[in-house]
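Breakdown of the fold
Spelled out from the first residue to the last, the chains are:
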Amino acid sequence: DGWRYGHGRLRRIPDREPVRSMDTSHPPTLAQTWDANRSIQRSAAGRLFAATNSALYITLMEHHLDFGTRMSETELAIRLERDLADLGSETEQSGLALIKYWASQGWLHRITEQAGDTERNVCYLTYEARAVLDFARRMRREDTIATGGSITGIAAGLRRVAGQVSNDPERI
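The structure presented is a predicted model; accordingly, all values stated were derived computationally and were not measured.

1. Topic: the environment of Leu56
Mapped onto the elements, Leu56 comes out in helix 3 (residues 54–65). Residue Leu56 is classed as buried on the basis of its relative accessible area of 15%. When the C-alpha atoms of Leu56 and Leu84 are compared, they prove to be 8.7 Å apart, with 28 residues separating the residues in sequence.

2. Observations concerning the sheet that holds strand 5 (residues 118–125)
If you walk across this open sheet you meet the 3 strands as 3-5-4, and the pairing is antiparallel. Both edges of this open sheet fall to strand 3 (71–72) and strand 4 (108–115), since each of them pairs with a single strand only. The pairing of strand 4 with strand 5 spans 8 bridges and is antiparallel. Along strand 5, the bridge assignment pairs His109 with Tyr124. Against the sheet, helix 3 makes contact with strand 3, strand 4 and strand 5, and its axis sits at roughly 125° relative to strand 5, the strand it touches most. Along the sheet, helix 5 (residues 95–104) contacts strand 4 and strand 5; its crossing angle with strand 4, the most-contacted strand, is approximately 110°.

Rules used throughout
Residues numbered from 1 in each chain as written. Predicted model: local features only at pLDDT ≥ 70, side-chain atom pairs only at ≥ 80, totals over all residues. Heavy atoms only, no water. Helix = DSSP H or I, 4+ residues; strand = E, 2+ residues; numbered from the N terminus. Buried < 20%, exposed > 50% of the residue type's maximum accessible area, 1.4 Å probe, protein only. Pairing = 2+ DSSP bridges. Contact = heavy atoms within 4.5 Å. Axes fitted to C-alpha atoms, helices over the stretch in contact; angles between N-to-C directions.

Here it is in structure tokens:
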């Protein structure tokens with residue numbers, strides 16, 4: 001029914017399909033690949049990538065909630081509104097509306113924490129949103145992945161340079 005009890009209150013959990021994994025022991029069929037990719041497209045991470053304002057959302061999420069940061073909903077709403085104004089964003093959403101939207105999309109956890117007699121809503125990013133931020137950060141840095149062959153080539157080049165500096169096999 002979409003309602004779950006957790007963290008001290010009943011809350012609506014958006015209906016989400018799990019991302020389907022594929023058997024990697026043999027090449028997938030065209031239909032299997034398409035089905036798996038459609039599942040990714042419907043995932044929270046896929047929706048964040050495809051959002052019209054994804055650059056804005058990723059920027060704000062990274063600035064305030066990256067690396068598992070937890071923040072009170074009130075403080076986050078104030079910071080988001082300030083940043084929206086500073087960036088000259090044309091979005092009509094308030095900070096709180098943005099928080100609620102992100103939570104409805106599965107990008108943000110909003111939980112109620114109780115400390116003594118006081119309750120406060122706390123926000124932090126979902127795993128899917130953190131994965132998108134990590135990917136965006138790698139793209140900005142233009143990270144590459146070193147393969148065994150590239151590492152072997154680099155090592156050979158270093159040995160060649162070392163051989164030009166010294167003929168001592170111990171130093172090389």
